[in-house]
Amino acid sequence: MDQAAIIGVGMTKIEANKAGDTFADMVWEAVNKALDDAGMTINDVDNVVTTSNDFWDGRTISCMAVGDASGARHKNASCVEGDGTFGAFYGLTRALSGDYGTTLVTAHSKGSESISSLITNAAFDPIYERAIGMDMITACAMQATAYLDRTGTTPDQLAMVSVKNHGNAKQNPLAQLPMDLTVDDVLKSEMLSDPLHKLDCSPVSDGCCAIIIANQARASKYSGRPVWIKGVSFCSDSYFLGDRDLARAPSLAQAAQSAFAMAGIKDPATEIDVAELYDAFTYQELMWLEAMGLCEDGKAGSRLESGDFHRNGRLPVNPSGGLLSGHPVIAAGLIRIAEIVKQLRGEAGGYQIPDARRGVAQGVNGLCGQSHCVWVLDRDNQEKEIG
Amino acid sequence: MQPTKEDCFIVEGKLALPYQYFAGRTGSRFLIALRDEKKIRGIRCEKCNKVFVPPRSTCERCFSDISQSWVDLEDTGTVTGFTVVRYEEPYQPTKPPYILALIKLDGADTPIAHIIKDIPLTEMKLGLKVKAVFAEKTTSTIMDIDHFRPQEDG
């Protein structure tokens, strides 16, 4: 594809309850941070994509209510309902269309204002599924059972994901839940829905992220340092859980293969330096790693145990602390992209992965990973020599 | 001076949105069979050789209309996924702890989600053979299947 880059990122702190901020306040903060980061003003933004969810915002046509804070007045502004990575995908295609040189993409939500379980219960089919009381946690617990059974991954290994990510968050000043945990702490936390304990689940969070995407002509025009978009793909699976093989994630495998191929990556397990994945639940980080080809199938648990995915490991995963340490839905995937941008620019501070050149970010939309969006980013805009 | 969080107002609200969900022609035939005959019906895609339940009018695999190829399914099946729900929510059909499961009915290729009763939580396992227990009184909904229980020879 034609070249495009991310030239600015901005994130609010992720918090349990931003009682002082409206949605627009959060968007204002993230957008201005992204503009400062890129060395741009709002006048340099050619078009805007906002990403939000009406139920989490408690307002219909919610995406149009943050246009003011996105600087979208009298500009082409469009909206995506879903994860921020999907908003960013749309923003990228607009920048590549030739009609716009730069796209500002925002994604926000405030879990604190509503009751997430009521919203996720309503995501299930109203004729066949809603009445039996399913919601995001219980559906994902069924998926976790099926994944553990298929791969032999253990509850202890799931707990290690929580220990690692909450520990990583201690270096991230924007994370909501930096914690010193032991495997025992996780296993002794309240069992919500077998096999998922409270500390196997990401928290309810408030937060916003903004990124600025530019085409090649505009990418180097401002003072910010561009990070290049080398491969992007998304893929969806069936809606009904029963129509899928829940113990696997074939749509993620397809999205990842296609994104890595676009980036010219043959063996992602050795060519990727850092990954920010959608760890809404502990088991998901392991399942996604395998589906993306970043680790052999069924082996993520034991690779984690041997330290491969720690900050000093072979492939650091979620060095920022991941979603387990703060999960504003909708913004969640866009934050994964912004974190990879920070890593590739060497600006991740206490959780910087030394000499990170290539990274991958993943976003998820739908129940139990129905659809996935994968972004492969590169520090340099040239083919890396292998070996 | 900036107001502190304690000075920030929270305005209580509620999105109450009555809604009528149309079951559609295909879903209605499924619900009528469940209500009047205590039968669980699926739909077969002849081309893909797959039997789907819940029924749907189209096959997403080969993108064809399958709305007329109904098949009767057994009221017995096998558990392919489950969890023990341990927290309470207003939308749950029964008081936790309870078992939520994916059940592949005999004769179907795609499991449906439902609840399982009449088994100690610690004995619940994947592969369990279960049988549908129909509700005594119909509500013309999926809850005409009240729950699934282990098969006696299980």
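Keep in mind that this is a model prediction, so the values were computed, not measured. (Residues numbered from 1 in each chain as written. Chains lettered and ligands numbered in written order. Predicted model: local features only at pLDDT ≥ 70, side-chain atom pairs only at ≥ 80, totals over all residues.)

A.B. asks: Honestly, the packing of helix α6 (residues 155-168) of chain A against helix α11 (residues 282-291) of chain A in this entry has me stumped. Any pointers?
C.D. replies: When two helices pack together, their arrangement is given by the angle between the helix axes and the distance between those axes. Residue and element names in this part refer to chain A. Contact geometry for α6 and α11: axes closest at 8 Å, N-to-C directions at 100°. Classified by the interaxial angle, the pair formed by α6 and α11 is roughly perpendicular. Contacts between α6 and α11 involve L158, A159, V161 and S162 on the former and, on the latter, T282, Y283, E285 and L286. Residues belonging to the contact of α6 with α11 are distributed by class as follows: five nonpolar, two polar and one charged. (Axes fitted to C-alpha atoms, helices over the stretch in contact; angles between N-to-C directions. Helix = DSSP H or I, 4+ residues; strand = E, 2+ residues; numbered from the N terminus. Parallel < 35°, antiparallel > 145°, perpendicular 65-115°, else oblique. Contact = placed C-beta atoms within 7 Å. Nonpolar A, V, L, I, M, F, W, Y, C, P; charged D, E, K, R; others polar.)

A.B. asks: For this particular structure, what's the right way to read the interface of chain A and chain B?
C.D. replies: Interface size is often expressed as the accessible area that is lost when the parts come together. Listed as interface residues are 30 residues of chain A and, on the opposing side, 33 residues of chain B. In terms of residue count, helix α5 (residues 136-151) of chain A provides more of the side of chain A that touches chain B than any other element does, six residues in total. The residue makeup of the side of chain A that touches chain B, split by class, is 15 nonpolar, 10 polar and five charged.

A.B. asks: How should I be thinking about the confidence of the model for chain B in this particular structure?
C.D. replies: Interpreting fine coordinate detail is not advised for predicted regions of low pLDDT. In this model, chain B carries an average pLDDT of 95, and 97% of its residues clear a pLDDT of 70 or more. Interface confidence for the predicted complex, given as ipTM, is 0.95, next to a pTM of 0.96. (pLDDT = per-residue confidence, 0-100.)

A.B. asks: Got a minute to help me understand the packing of helix α3 (residues 84-96) of chain A against helix α13 (residues 331-344) of chain A in this structure?
C.D. replies: Residue and element names in this part refer to chain A. Interhelical geometry of α3 versus α13 gives an angle of 65° and a closest axis separation of 5 Å. One finds that α3 runs roughly perpendicular with respect to α13. Residues G84, T85, G87 and A88 of α3 touch α13, and the partners they reach there are A331, A332, G333, L334 and I337.

A.B. asks: Sorry, what's going on with the sheet that holds strand β5 (residues 70-73) of chain B here?
C.D. replies: Strands in a sheet are paired, the pairing made by backbone hydrogen bonds, and the direction either parallel or antiparallel. Residue and element names in this part refer to chain B. Taken together, three strands build an open sheet; the order of strands is β2-β1-β5 and the sheet is antiparallel. Since the sheet does not close on itself, it has two edges, and those belong to β2 (50-52) and β5, each with one partner. Mean inter-strand twist for the sheet, computed between neighbouring axes without regard to direction, equals 40°. Bridge analysis of strand β1 (residues 40-45) against β5 gives four bridges, and the strand direction is antiparallel. Paired with G42 across the bridge in β5 is V71. (Pairing = 2+ DSSP bridges.)

A.B. asks: Is there a simple way to explain the nonpolar core in this structure?
C.D. replies: Within soluble globular proteins, side chains that are nonpolar tend to cluster in buried spots. If you look at the biggest cluster of nonpolar residues, it comprises 163 residues, and the most contacted ones within it are I6, C209 and I211 of chain A together with L100 of chain B. Looking at which element gives the most residues to this core, the answer is α5 of chain A, with 10 residues. Discounting residues that sit within four places of it in the chain, I6 of chain A has contacts with I211, I212, I213, P226, V227, I229, I337 and V341 of chain A. (Core = buried A, V, L, I, M, F, W, Y, C linked by C-beta atoms within 7 Å. Buried ≥ 20, exposed ≤ 12 C-beta atoms within 10 Å, placed from the backbone.)

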